Protein chains: 2
Amino acid sequence: MPAEKKATLLIKNIGQLVTMAGPVPRLGKQMNDLGLIEGGGVAVAGEEIIAVGKSDDVQGHATLAEGCKVIDAAGAVVTPGLIDPHTHPVFASTREKEFEMRIQGKSYMEIAQAGGGIRSSVRDLRATPAEILLERSKKRLNRLLAHGVTTIEAKSGYGLSTESEIRTLEVIRTLNEGHAIDLVPTFLGAHEVPDEYRDKRKEYIDLLINEMIPAVARENLAEYSDVFCEKGVFDIEESRRIQQAAKDAGLGLRFHADELESTGGAELAASMKAATADHLVYVSDAGIKAMAESGTAAVLLPGTTFSLAGTKYAPARKMIEQGVIVALSTDCNPGSSCTESLPMILSLASLQMKLTAAEGISAVTVNAAVTVERSKMIGRLEVGMQADIVLWDMFDYRELPYHYGVNLVSKVVKKGKLVIDK
Amino acid sequence: MPAEKKATLLIKNIGQLVTMAGPVPRLGKQMNDLGLIEGGGVAVAGEEIIAVGKSDDVQGHATLAEGCKVIDAAGAVVTPGLIDPHTHPVFASTREKEFEMRIQGKSYMEIAQAGGGIRSSVRDLRATPAEILLERSKKRLNRLLAHGVTTIEAKSGYGLSTESEIRTLEVIRTLNEGHAIDLVPTFLGAHEVPDEYRDKRKEYIDLLINEMIPAVARENLAEYSDVFCEKGVFDIEESRRIQQAAKDAGLGLRFHADELESTGGAELAASMKAATADHLVYVSDAGIKAMAESGTAAVLLPGTTFSLAGTKYAPARKMIEQGVIVALSTDCNPGSSCTESLPMILSLASLQMKLTAAEGISAVTVNAAVTVERSKMIGRLEVGMQADIVLWDMFDYRELPYHYGVNLVSKVVKKGKLVIDK
């Protein structure tokens with residue numbers, strides 16, 4: 001393990017070093033393979049990992065730069081930085097009153113009539129200056145980072161006008177430049193039909209296709225386009241039109257699909273070679289098969305079912321068995337899943353979807369990296385990869401889903417820099 | 001609001017000051033009454049609250065001591081310190097492997113045969129020196145405190161021999177003396193029948209009655225006695241004998257009751273005028289009625305159902321409607337609920353038991369204080385009460401259950417001292 005570069009950071013005495021070295025993506029039984037090294041060490045030069053192995057070997061071979069930071073992991077667990085592949089972090093206000101209305105049995109329609117729902121976040125965002133949006137979103141990123149998340153996919157979708165969608169994507173760009181977390185931007189103008197287009201939805205779709213998508217692509221504000229493909233929002237044909245325009249403009253594709261009903265969203269995503277189809281609570285068997293064949297990843301969001309007090313979770317085990325690339329995410333958003341804890345999602349994935357701890361970790365590292373097409377850089381701890389690393393206050397990685405609702409992160413390294421140190 | 005004493009701590013500009021002033025305990029609809037003051041302030045002298053009211057009034061009337069600490073809450077939420085009325089914080093090791101076995105469908109018997117269950121924690125604790133136990137338990141208390149908990153009820157029960165039960169209670173006593181959290185000690189020698197008494201359970205019960213309970217009472221090591229009253233553990237008659245001995249020795253009574261089946265545990269607890277019956281997933285209607293009549297409080301533990309991947313939660317709404325005193329707790333323990341987050345329990349109570357945010361807050365403040373017979377001192381923010389106060393990073397108390405799986409505590413004041421400051 002010769003290291004030509006001098007180490008600027010050395011992490012030694014790692015009880016369980018979860019490298020995730022191995023197949024990319026992890027499919028089926030491979031999801032249980034953590035590339036685990038007991039008594040491991042990692043050396044970093046600048047932003048890059050230069051050695052990974054047994055602690056003694058790494059220490060023995062690494063040449064330390066002057067001022068090299070040495071962290072004694074004291075037998076604890078180390079993993080790659082977590083990747084959250086589906087978030088809506090740029091919104092103005094939380095919606096806790098709606099949550100309480102739901103608890104008290106109010107229906108979706110009653111909540112909408114009381115001014116709730118996505119469209120309330122749209123009115124709210126449009127009325128909020130960019131600097132406030134930025135400040136509040138930054139706080140959410142701080143929380144994500146504190147829970148071990150070093151990269152997120154971040155969607156717009158509470159603007160729903162050319163101006164406010166672009167403003168949202170600009171907030172994402174500013175966050176990406178200034179925050180330790182890397183953000184992968186997704187345009188979600190097709191999150192809902194805004195108030196002013198309720199009676200002329202076709203005109204809104206035309207606006208998306210003729211004005212918003214071209215503007216986003218021209219300004220290079222997003223890598224992906226997403227659409228809320230669901231009965232009552234955008235149907236299959238509308239979604240296809242919107243996403244075809246996005247694809248033609250050079251954007252990758254993601255879908256909100258089959259969350260509330262089986263509508264063929266997964267099949268559409270697969271047929272368009274989308275990077276991901278997300279939610280998938282009601283995915284059909286044909287949809288699962290199509291996704292496995294096309295390599296379209298499933299981004300599953302058990303926090304959303306949980307936080308909506310639902311009982312039906314996406315059929316994760318079936319998807320794993322059928323060879324679909326499975327990733328997990330918080331769905332961090334003000335309506336249906338207000339959380340910045342990806343570890344909490346691992347608890348839900350174990351308890352409600354019967355994923356092992358190792359499968360859960362695969363889903364938020366190597367497989368999540370695949371969904372944002374960054375698997376050569378992040379999601380594994382291997383020589384040459386970006387040094388995004390999390391130290392956990394636990395001695396067995398299986399504590400991650402088991403020890404629920406609390407944050408067990410002790411340190412976070414992003415691009416070689418210690419950014420969280422508890 | 002004249003304050004004779006000089007303020008050593010002033011918290012001003014509180015957006016929502018949740019005082020909990022009002023009826024003790026909170027029954028039925030009263031649980032929604034938070035004694036809320038918008039734009040509130042609190043003044044503290046030493047360990048005691050000396051003024052509570054509108055921020056301007058408190059500021060206008062309080063005489064500040066030299067060096068008085070002034071905290072600007074900046075419009076955020078303030079509540080009493082939370083009280084966790086059912087914890088098992090003194091254990092040696094976590095049991096994450098068992099959790100994963102359960103996820104993979106292994107039965108209780110298979111897990112027991114693989115060395116799991118309460119008795120594995122007993123073997124583990126007996127083999128662990130007191131200083132290690134103390135250190136690990138302290139870490140759990142630190143986490144509880146960081147989540148806004150300032151008082152806990154703490155049980156023994158992983159010793160199950162006179163020596164190791166006393167050693168556990170001594171650890172609890174040492175923690176109580178040295179840690180910011182106040183601990184209310186409960187003797188739970190009747191948590192399980194230990195390995196060495198499997199074939200002579202009557203002898204273990206005799207040991208409890210003739211040796212352990214008298215020793216605990218003599219040494220003043222516990223305020224309460226608890227028993228795991230459940231089919232296969234201690235039946236109704238055994239539980240009655242054990243608890244009668246405890247009562248005769250001057251201990252208050254708590255019960256693990258009706259968790260797995262309806263066995264009449266709640267009725268027994270009520271008939272013995274117990275302070276609490278806990279779990280109650282399968283409580284009978286007669287049990288609810290008896291508890292309401294006797295004033296025996298229900299301590300509900302939704303985290304346990306959650307963490308065992310169960311679907312049946314205790315009938316909290318029914319108990320509230322029938323006039324039972326309802327409290328909530330983490331059940332913090334290594335087997336069935338490994339968490340130190342009482343806010344996480346409030347999320348579960350809302351989502352799974354349909355409690356409003358206000359009902360949840362009542363259950364972990366004023367009502368929880370009643371279960372440990374300290375309601376004149378803690379659980380409310382009123383003049384003369386102990387200054388146990390939590391500042392939250394939120395503008396509406398309803399964010400507490402809604403914003404799940406993350407810790408929104410910004411500061412904790414215990415007996416007038418700032419002990420957590422983020």
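In what follows, the structure referred to is the one given above.
No experiment lies behind these values; they were computed from the predicted model shown. (Residues numbered from 1 in each chain as written. Chains lettered and ligands numbered in written order. Predicted model: local features only at pLDDT ≥ 70, side-chain atom pairs only at ≥ 80, totals over all residues. Heavy atoms only, no water.)

**Here we look at the overall build of chain A**
Right, on to step 1. Counting secondary structure elements, chain A contains 16 helices and 16 strands.
Right, on to step 2. Whereas a compact globule of 422 residues would reach a radius of gyration of roughly 22 Å, chain A reaches 21 Å, a difference of no more than 12%.
Right, on to step 3. The C-alpha extent of chain A, read off along each of the three principal axes, is 70 × 45 × 45 Å.
Right, on to step 4. Of all 422 residues assigned to chain A, the portion counted as buried reaches 64%.
Right, on to step 5. In chain A, 71% of the contacts between residues at least 6 apart in sequence involve partners at least 24 apart.
Right, on to step 6. Chain A carries 47 positive and 56 negative side-chain charges, and their two centres are separated by 1 Å. (Helix = DSSP H or I, 4+ residues; strand = E, 2+ residues; numbered from the N terminus. Rg over C-alpha atoms; globule rule 2.2 N^0.38 Å. Buried < 20%, exposed > 50% of the residue type's maximum accessible area, 1.4 Å probe, protein only. Contact = heavy atoms within 4.5 Å. Lys, Arg positive; Asp, Glu negative; His and termini not counted. Charge placed at Lys NZ, Arg CZ, Asp CG, Glu CD.)

**Describing the interface of chain B and chain A**
Right, on to step 1. Each partner contributes residues to the interface: chain B has 42 residues there, and chain A has 42 residues.
Right, on to step 2. Together, the buried faces of chain B and chain A total about 4000 Å²; carbon and sulfur atoms form 61% of this surface.
Right, on to step 3. Counting the surface chain B buries against chain A, the share from its top three residues, Phe306, Tyr402 and Tyr404 of chain B, is 22%.
Right, on to step 4. For the pair chain B and chain A, the number of links is four salt bridges.
Right, on to step 5. For Arg143 of chain B, the salt bridge is made with Asp393 of chain A, and the minimal N-O distance between the two is 3.0 Å.
Right, on to step 6. Taken together, chain B and chain A are joined by 20 residue pairs in polar contact (both at pLDDT 80 or more).
Right, on to step 7. Secondary structure elements with two or more residues in the side of chain B that touches chain A: α2 (96–103), α5 (130–146), α11 (302–307), α13 (342–353) and α16 (399–402) of chain B.
Right, on to step 8. Broken down by class, the residue content of the side of chain B that touches chain A amounts to 17 nonpolar, 13 polar and twelve charged. (Buried area = accessible area lost by both parts, 1.4 Å probe. Salt bridge = Lys/Arg side-chain N within 4 Å of Asp/Glu carboxyl O. Polar contact = N/O pair within 3.5 Å; in protein donor to acceptor, adjacent residues only side chain to side chain. Nonpolar A, V, L, I, M, F, W, Y, C, P; charged D, E, K, R; others polar.)

**Notes on the environment of Ile83 of chain A**
Right, on to step 1. You can see Ile83 of chain A is positioned in strand β6 (residues 82–87).
Right, on to step 2. Each C-alpha atom, one on Ile83 of chain A and one on Val324 of chain A, is 18 Å from the other, the two residues being 241 residues apart in sequence.

**Here's the deal with the relation of the copies chain B and chain A**
Right, on to step 1. Least-squares fitting of chain B to chain A yields an RMSD of 0.0 Å, with the transformation described by 0.0 Å of translation along the axis and a rotation of 180°. The symmetry that links the two subunits is that of a two-fold axis. Every residue of chain B has its C-alpha some distance from the rotation axis, and the shortest such distance is that of Gly405 of chain B, at 2.3 Å. (Least-squares fit on C-alpha atoms with pLDDT ≥ 70 in both.)

**What to know about the environment of Leu34 of chain B**
All names here are of chain B.
Right, on to step 1. In this fold, Leu34 is placed in the loop between β1 (7–18) and β2 (36–45).
Right, on to step 2. Relative accessible area serves as the criterion here: at 4%, Leu34 is assigned to the buried category.
Right, on to step 3. The spatial distance from the C-alpha of Leu34 to the C-alpha of Lys273 is 28 Å, given a sequence separation of 239 residues.

**Overview of the sheet that holds strand β9 (residues 224–229) of chain A**
Hydrogen bonds along the backbone pair up the strands of a sheet, which may run parallel or antiparallel.
Residues and elements named next belong to chain A.
Right, on to step 1. On the basis of which strands lie adjacent, the open sheet formed by eight strands has the order β6-β7-β8-β9-β10-β11-β12-β13 and parallel pairing. Strands with a single pairing partner mark the edges of an open sheet, and in this sheet they are β6 and β13 (326–328). Each strand axis lies, on average, 25° off the axis of its neighbour in the sheet, ignoring direction.
Right, on to step 2. In the sheet, strand β8 (residues 182–190) pairs with β9 via three bridges, with the strands oriented parallel. Note that in β9 the partner of Ala190 across the bridge is Val227.
Right, on to step 3. Across the sheet, helix α13 (residues 342–353) lies against β6, β7 (149–155), β12 (297–300) and β13, angled at about 125° from β13, the strand it touches most. (Pairing = 2+ DSSP bridges. Axes fitted to C-alpha atoms, helices over the stretch in contact; angles between N-to-C directions.)

**With respect to the pairing of strand β12 (residues 297–300) of chain B**
Residue and element names in this part refer to chain B.
Right, on to step 1. Of the two faces of β12, the one holding Ala297 and Val299 and the one holding Ala298 and Leu300 are both buried throughout.
Right, on to step 2. Bridging between strand β11 (residues 276–279) and β12 involves three bridges; their strand directions are parallel. Each residue of the ladder has a partner; that of Ala277, found in β12, is Ala298.
Right, on to step 3. Following the backbone out of β11, through helix α10 (residues 285–294) and into the adjacent parallel β12, one traces a crossover that is right-handed.
Right, on to step 4. Where β12 lies against strand β13 (residues 326–328), three bridges are found, and the strand directions are parallel. Residue pairing for β13: Ala298 is matched across the bridge by Val326. (Right-handed = clockwise from strand over helix to strand, strands pointing away.)

**Comments concerning the packing of helix α6 (residues 162–178) of chain A against helix α7 (residues 201–218) of chain A**
Residues and elements named next belong to chain A.
Right, on to step 1. The N-to-C vectors of α6 and α7 enclose an angle of 30°; their axes lie 10 Å apart at closest approach. Classified by the interaxial angle, the pair formed by α6 and α7 is roughly parallel. The hand of the α6/α7 crossing is right-handed. For the pair formed by α6 and α7, the contact residues are Thr162, Glu165, Ile166 and Leu169 on the first element and Leu207, Glu211, Met212, Ala215 and Val216 on the second. (Parallel < 35°, antiparallel > 145°, perpendicular 65-115°, else oblique. Left-handed = near helix turned anticlockwise from the far one by under 90°.)

**Some thoughts on the pattern of salt bridges**
Right, on to step 1. Applying the stated criterion to the full structure yields 54 salt bridges over all chains.
Right, on to step 2. Note that Arg398 of chain A and Asp396 of chain A form a salt bridge whose closest N and O atoms lie 3.0 Å from each other.
Right, on to step 3. The shortest N-O distance in the salt bridge between Glu163 of chain B and Arg167 of chain B comes to 3.2 Å. Note that Glu163 of chain B and Arg167 of chain B are positioned in helix α6 (residues 162–178) at a spacing of four residues, about one turn of the helix.
Right, on to step 4. Residue class for Arg167 of chain B comes out buried when judged on its relative accessible area of 13%.
Right, on to step 5. Within this structure, Lys139, Arg143 and Glu340 of chain A together with Asp393 of chain B form a network of salt bridges that share partners.

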